[in-house]
Amino acid sequence: GGELISVLEGIQAAKQAGFEPVKINCVIMDSSMEPDAIAVKAYAQNNGLQVRFIHQMDLKNGTFSQVEGGEGGNCKSCNRVRLMANGSFKPCLFNDSCFNIKEFGIEGALQKAVEAKPAAGTRNLSGKFYNIGG
């Protein structure tokens, strides 16, 4: 949810601030040929942005796919951890593990997240995609 005008203004502000490249993530149900995805791609092309299409994911059942136009979703090459809005480092979106900065300190939480990073995602039973930043 939210106001589209605020998103568009934020994108323009990022460009004006000199961020390069500005990337747009677009969640798709089935295909990047869906009407809304085509509209996002056109907007990105007309505004000098990069667009990545992310297939809707099911954290609970561990179903996910590679990102079109990006590198996400490939467990074999993933070297990412995610800092969540609640102050926890999450080693993998498809895993229940997380380490809170208040409990472990920033360096300790990051170290624990890196050490706990799985070779591949499994499933996430502790939350929905919207509340882990995806």
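Calculation notes
- Residues numbered from 1 in each chain as written.
- Predicted model: local features only at pLDDT ≥ 70, side-chain atom pairs only at ≥ 80, totals over all residues.
- Heavy atoms only, no water.
- Helix = DSSP H or I, 4+ residues; strand = E, 2+ residues; numbered from the N terminus.
- Buried < 20%, exposed > 50% of the residue type's maximum accessible area, 1.4 Å probe, protein only.
- Contact = heavy atoms within 4.5 Å.
- Pairing = 2+ DSSP bridges.
- Right-handed = clockwise from strand over helix to strand, strands pointing away.

**Thoughts on the environment of P91**
Mapped onto the elements of the fold, P91 is located in the loop between β4 (88-90) and β5 (99-100). A residue is classified by how much of its surface remains accessible, and P91, at 0% relative accessible area, is buried. In sequence terms P91 and V81 are ten residues apart; their C-alpha atoms lie 4.5 Å from each other. Among all residues touching P91, those that are not within four sequence positions of it are R80, V81, S97, C98, F99, A113, A116, K117 and P118.

**Some thoughts on the sheet that holds β4**
Ordered by their spatial adjacency, three strands build an open sheet running β3-β4-β5, and the pairing between neighbours is antiparallel. Both outer strands of the open sheet, β3 (82-83) and β5, are each paired with one neighbouring strand and no more. Bridge count for β3 against β4 is two bridges, and the pairing is antiparallel. Residue L83 lies in a different strand from β4, and its bridge partner there is F89.

**As for the pairing of strand β1 (residues 23-28)**
Burial along β1 is one-sided: the face carrying I24, C26 and I28 is buried and the face carrying K23, N25 and V27 is not. Bridge analysis of β1 against strand β2 (residues 50-55) gives six bridges, and the strand direction is parallel. From the neighbouring strand, I24 faces β2, where its bridge partner is V51. Assessed by its sense of winding, the connection that carries the chain from β1 through helix α2 (residues 35-46) to β2 is right-handed.

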